[in-house]
2 protein chains.
Amino acid sequence: MTANKAKVFAAMVKNLKARKKPKPTRIRDLEKTRRDILDAAFMEVFTRGFQGVSVDDIVKKTTHTKGAFYHYFPTKLDLGYALVDEVIKPMIIDRWISPLDTLQDPLAGILNQIKVLIDGAAPEELQLGCPLNNLVQEMAPIDAGFRDRLQVALLLWIDETNRHLQRAKKAGFIRADVDTRSAAYFIVMAHEGFYGMLKGLRDPRAFEALYESLDRFFQSISATPVHEEPLGASHCCHS
Amino acid sequence: MTANKAKVFAAMVKNLKARKKPKPTRIRDLEKTRRDILDAAFMEVFTRGFQGVSVDDIVKKTTHTKGAFYHYFPTKLDLGYALVDEVIKPMIIDRWISPLDTLQDPLAGILNQIKVLIDGAAPEELQLGCPLNNLVQEMAPIDAGFRDRLQVALLLWIDETNRHLQRAKKAGFIRADVDTRSAAYFIVMAHEGFYGMLKGLRDPRAFEALYESLDRFFQSISATPVHEEPLGASHCCHS
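Residues numbered from 1 in each chain as written. Chains lettered and ligands numbered in written order. Predicted model: local features only at pLDDT ≥ 70, side-chain atom pairs only at ≥ 80, totals over all residues. Heavy atoms only, no water.

Engineer: Help me understand the overall build of chain A, please; the structure alone is not making it clear to me.
Structural biologist: Secondary structure assignment for chain A yields 11 helices and 0 strands. The order of helices and strands in chain A, counted from the N terminus, is α-α-α-α-α-α-α-α-α-α-α. Sorting the 239 residues of chain A into buried and exposed places 56% on the buried side. A separation of at least 24 residues holds for 73% of the contacts in chain A among residues at least 6 apart in sequence. Element-wise, carbon and sulfur atoms account for 54% of the exposed surface of chain A, whose accessible area totals about 10,000 Å². (Helix = DSSP H or I, 4+ residues; strand = E, 2+ residues; numbered from the N terminus. Buried < 20%, exposed > 50% of the residue type's maximum accessible area, 1.4 Å probe, protein only. Contact = heavy atoms within 4.5 Å. Areas by Shrake-Rupley, 256 points an atom, 1.4 Å probe, with all protein chains shown as cover.)

Here it is, written out as structure tokens:
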């Protein structure tokens, strides 16, 4: 793992690890092995695609044996499914949903998170795209197990965004005629499009153009002018 | 090739073929062989990804020999690059740009094309995603030759969209304070996000939610209400 990859990876898993509660030693060790494998697999798959990575590649990135791998993940697909359920889903919540919890106006919070997590990200990270979108593009068309789990993850993101938008609508931050679920779909779509475009264009200046238009969309659904609302440090999961 | 794939494929290449002019027989035959290989490769790569397809897989889908393949494409990468330059770039122009040429208000035309090409597409086609976005996701991170060509293709789409938006701004359809280039980035991003989301969600109802929000964005940059403007049949490249 290069220094850059290591830095990106450390930032992305920091928050997941921070959420764990102390467990009895034996259970903790078993869970730690499983988690080590998942963490190593996440970065390998994020960098090279699910099909581009072998079980041997993943095992090499850990201090564990191939036997340990197969103990926790009988097949490579089982590992792939666990990546969606146990790494990517919590990551969506940690990066895009939880930071909105304490904000009065979630629209401002979403804009702020985009600035922090996308504009503030290292170019190396942006070139890798979005872990969720990468798997959707690669695996949804060819494997039903991935397809179902990726759909659940996308719907989780949409549902949780919608929950915050409904709250904002009730509080008078969003216009009464706005269908919050449609807006939630659009916001998640914009995120995926953002990552896809930045991956293809490799031009950081593209971010400003994209951000400006999303901001304009937010103004169009907002009952009041949207201003970025800085987040408390404890809610920021970026490196 | 299944009946559905064949239908999707026929619709997508129909317009490319229609654009060709008669050539002398010998040149036409050579070009036809090259084109046959490109057409077969396009559908195989669109369905299974560039890395998931071998030269043998592609040759099997044509009536030509492996020798003919290597005559036109010394390596599989050369074929991949030709797919971007000679199939995907003209497809962007045919599907998303040319249909706007005769319209007074391109915003209405873009909305209409989205409805025709995405909402009107067969579910089988949507599940395959967008040929450009698929290659951006798969190949941009790992091959510089693909990366450069995909970037050129994306910029072509953005530049040509911007050209129409500038025209619309001059004609008073778009508000004077709108940065048309930012809007063009956003529109192309929304397309890529659309395809990505529909590929992941597999829920055609998602289209309505996405379309409604894009429509709202268009209203926000428009100087006049945007109504869908039906396109002349001669400009519609959908099956």
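Once the structure has been displayed, the description carries forward.
Engineer: Quick question: what am I supposed to make of empty space enclosed by the protein here?
Structural biologist: Over the atoms rolls a probe the size of a water molecule, and in doing so it shows where empty space is left. This model, assessed by the stated rule, comprises 11 cavities of 30 Å³ or more. Along the wall of the largest cavity there are 14 residues; nearest its centre are M91, R95, W96, C130 and P131 of chain A. Looking at the lining of the largest cavity element by element, the count peaks at 5 residues for helix 5 (residues 76–97) of chain A. Within the lining of the largest cavity, the residues separate by chemical class into 11 nonpolar, 1 polar and 2 charged. Of the voids in this model, the second largest cavity is the one considered here, and its volume is about 110 Å³. Taken together, 11 residues line the second largest cavity, and the ones lying closest to its centre are I92, R95, W96, C130 and P131 of chain B. Of all the elements in the fold, those that place two or more residues in the lining of the second largest cavity are helix 5 (76–97) and helix 8 (131–139) of chain B. (1 Å grid on protein atoms, 1.4 Å probe; cavity = no way out; pocket = protein on both sides within 12 Å on 5 of 7 lines; lining within 4 Å. Points joined across faces, edges and corners; volume = space filled by probe spheres on them. Nonpolar A, V, L, I, M, F, W, Y, C, P; charged D, E, K, R; others polar.)

Engineer: Would you mind going over the relation of the copies chain A and chain B with me for this structure?
Structural biologist: To go from the first copy of the chain to the second, apply a rotation about an axis and then a shift along the same axis. The transformation that overlays chain A on chain B combines an axial shift of 0.0 Å with a rotation of 180 degrees, and the residual RMSD is 0.0 Å. Here the copies are linked by what is in effect a two-fold axis. The position closest to the rotation axis in chain A is occupied by the C-alpha of G193 of chain A, lying 2.0 Å away. With an isologous cut-off of 70% or more, the 100% of interface residues of chain A that recur at the interface of chain B puts this contact in the isologous class. (Least-squares fit on C-alpha atoms with pLDDT ≥ 70 in both.)

Engineer: Quick question: what am I supposed to make of the interface of chain A and chain B here?
Structural biologist: A common measure of how large an interface is: the accessible area buried when the components associate. Contacts between the two partners involve 42 residues from chain A and, on the opposite side, 42 residues from chain B. Interface area lost by chain A to chain B is led by Q137, M189 and R216 of chain A, which between them contribute 18%. Note that D177 of chain B is salt-bridged to R216 of chain A, the shortest N-O span being 3.9 Å. Taken together, the connections running from chain A to chain B amount to 8 residue pairs in polar contact (both at pLDDT 80 or more). Sorting the residues of the side of chain A that touches chain B by element identifies helix 8 (131–139), helix 9 (144–170), helix 10 (180–201) and helix 11 (205–221) of chain A as the ones contributing at least two each. For the side of chain A that touches chain B, the element with the most residues is helix 10 of chain A, which contributes 14 residues. Split by residue class, the side of chain A that touches chain B holds 22 nonpolar, 11 polar and 9 charged. (Buried area = accessible area lost by both parts, 1.4 Å probe. Salt bridge = Lys/Arg side-chain N within 4 Å of Asp/Glu carboxyl O. Polar contact = N/O pair within 3.5 Å; in protein donor to acceptor, adjacent residues only side chain to side chain.)

Engineer: Can you help me understand a negative patch on the surface in this one?
Structural biologist: A surface patch of negative charge is lined by D119, E208 and E212 of chain A together with D179 of chain B. Mapping D119 of chain A onto the fold places it in helix 6 (residues 106–119). For D119 of chain A, a relative accessible area of 35% translates into the label partly exposed. (Patch = residues over 30% accessible without salt bridge, like charges linked within 9 Å, V, L, I, M, F, W, Y side chains within 5 Å. Lys, Arg positive; Asp, Glu negative; His and termini not counted. Charge placed at Lys NZ, Arg CZ, Asp CG, Glu CD.)

Engineer: Help me out: how do you make sense of the pattern of salt bridges in this one?
Structural biologist: When the charged atoms of two side chains lie near each other, side chains of opposite charge can form a pair. Residues and elements named next belong to chain A. One pass over the full model with this rule turns up 25 salt bridges over all chains. Two residues, E160 and R163, come together in a salt bridge whose shortest N-O distance is 2.7 Å. Within this pair, E160 and its partner R163 are both found in helix 9, separated by 3 residues, close to a single helical turn. Each of E44, R48, D57 and K61 takes part in one network of salt bridges that share partners.

Engineer: Sorry if this is basic, but what is going on with the nonpolar core here?
Structural biologist: For soluble globular proteins, the rule of thumb is that nonpolar side chains tend to be buried together. L132 of chain A together with L132 of chain B are the most contacted members of the largest nonpolar core, which has 152 residues in total. Not counting residues within four places of it along the chain, the set of residues in contact with L132 of chain A comprises I88, I92, L150, A153, L154, W157 and E192 of chain A. (Core = buried A, V, L, I, M, F, W, Y, C linked by side-chain atoms within 4.5 Å.)

Engineer: Would you explain helix 11 (residues 205–221) of chain B in this entry?
Structural biologist: Note: α-helices contain 3.6 residues per turn, so residues at a spacing of three or four share the same orientation. The terminal C-alpha atoms of helix 11 of chain B, which comprises 17 residues, lie 26 Å apart, in line with the 24 Å expected from a rise of 1.5 Å per residue. Of all 17 residues that make up helix 11 of chain B, 12 are buried, and the element is covered over most of its length. Those residues of helix 11 of chain B that sit buried are A206, F207, A209, L210, Y211, S213, L214, R216, F217, F218, S220 and I221 of chain B. Contacts from the buried residues of helix 11 of chain B go to helix 10 and helix 11 of chain A together with helix 6 (106–119) and helix 10 (180–201) of chain B. (Expected span 1.5 Å × (residues − 1).)

Engineer: Can you walk me through the layout of surface pockets in this structure?
Structural biologist: Of the volumes computed, that of the largest pocket is approximately 560 Å³. Lining the largest pocket are 34 residues; nearest its centre among them are Q51, N134 and E138 of chain A together with Q51 and E138 of chain B. Taken together, the elements giving at least two residues each to the lining of the largest pocket come down to helix 2 (25–48), helix 5 and helix 8 of chain A together with helix 2 (25–48) and helix 8 of chain B. Within the lining of the largest pocket, the residues separate by chemical class into 16 nonpolar, 12 polar and 6 charged.

Engineer: Would you mind going over the packing of aromatic side chains with me for this structure?
Structural biologist: For any two aromatic rings, the description comes down to two numbers: the centre-to-centre distance and the angle of the planes. Residue and element names in this part refer to chain A. For the structure on display, the rule yields 21 aromatic pairs over all chains. Considering the side-chain rings of F194 and F207, the 5.7 Å spacing of their centres and the 25 degrees angle between planes classify their relative orientation as stacked. Taken together, the positions of F194 in helix 10 and F207 in helix 11 put the pair 13 residues apart, joining distant regions of the chain. An identical accessibility class is assigned to F194 and F207; each is buried. (Phe/Tyr/Trp six-rings, centres within 6.5 Å; stacked < 30°, edge-to-face > 60°.)

Engineer: Looking at this structure, I do not really get the environment of E212 of chain B. What am I missing?
Structural biologist: For E212 of chain B, the location among the structural elements is in helix 11. Considering only alpha carbons, one finds E212 of chain B and T102 of chain B, 110 residues apart in sequence, at a separation of 25 Å. Setting aside residues up to four positions removed in sequence, E212 of chain B forms contacts with D179 and S182 of chain A.

Engineer: Looking at this model, I keep getting lost on the confidence of the model for chain A. Mind explaining?
Structural biologist: Any residue range with low pLDDT should be treated as having predicted coordinates unsuitable for detailed reading. Residues and elements named next belong to chain A. For chain A, per-residue confidence averages 83 on the pLDDT scale, and residues scoring 70 or more make up 82% of the total. Segment residues 231–239: pLDDT under 50, and 19 contacts once partners within four positions in sequence are set aside and those in other chains are kept. Scored as a whole, the predicted complex attains pTM 0.79, and scored at its interfaces, ipTM 0.73. (pLDDT = per-residue confidence, 0-100.)

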